[in-house]
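Spelled out from the first residue to the last, the chains are:
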Amino acid sequence: MALAGGLVFGLGMSIVTAGAAYWAIKAHYYRRLADEIMSTEKTMAVNQATFHELTVADAPVHIARSTDDNGYTIPGGFCVYIQGYPYS
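Structural notes, computed from the coordinates.

The rules behind these values
- Residues numbered from 1 in each chain as written.
- Predicted model: local features only at pLDDT ≥ 70, side-chain atom pairs only at ≥ 80, totals over all residues.
- Heavy atoms only, no water.
- Patch = residues over 30% accessible without salt bridge, like charges linked within 9 Å, V, L, I, M, F, W, Y side chains within 5 Å.
- Areas by Shrake-Rupley, 256 points an atom, 1.4 Å probe, with all protein chains shown as cover.
- Salt bridge = Lys/Arg side-chain N within 4 Å of Asp/Glu carboxyl O.
- Helix = DSSP H or I, 4+ residues; strand = E, 2+ residues; numbered from the N terminus.
- Buried < 20%, exposed > 50% of the residue type's maximum accessible area, 1.4 Å probe, protein only.
- Phe/Tyr/Trp six-rings, centres within 6.5 Å; stacked < 30°, edge-to-face > 60°.
- Lys NZ or Arg CZ within 6 Å of the ring centre and 35° of its normal.
- Contact = heavy atoms within 4.5 Å.

**Quick notes on a nonpolar patch on the surface**
Side chains of F51, I63, F78, V80 and I82 sit close together on the surface and give an oily, nonpolar patch of about 490 Å² of accessible area. With 3 residues, the top contributor of residues to the nonpolar patch is strand 2 (residues 73-82). Turning to its location among the elements, F51 is positioned in helix 1 (residues 2-56). The exposure class of F51 is partly exposed, given its relative accessible area of 32%.

So this is what it looks like as structure tokens:
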């Protein structure tokens, strides 16, 4: 009888520990995700304001896909070029 009680107790503790670890990892993931979303929103707001200022200044802006050293396109990568005017 003591063996069965020990097994039930051990199994119960394992389930509780696994559940606690799952909830801790899940909470950590959601906090990190929320931080990433806030950071992205801030970056997008800054980018939008910057592009607005460049548009008002009538600056020639070009957007191109970015590539690595071998010439392969980087997924989701873009480059922004602002064409300068030569000085006389």
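**Considerations on the packing of aromatic side chains**
Tallied over the entire structure, the rule returns 2 aromatic pairs. Taking the centre distance of 5.2 Å and the plane angle of 75° together, the rings of Y22 and W23 count as edge-to-face. Of the residues examined, Y22 reaches a relative accessible area of 48% and is grouped as partly exposed. It is R65 that lies over the ring of F78; its NZ or CZ is 4.7 Å from the centre.

**Overview of the side chain of S66**
Secondary-structure assignment places S66 in strand 1 (residues 61-67). Not counting chain neighbours up to four residues away, the residues in contact with S66 comprise Y72, T73, I74, G77, F78 and C79.

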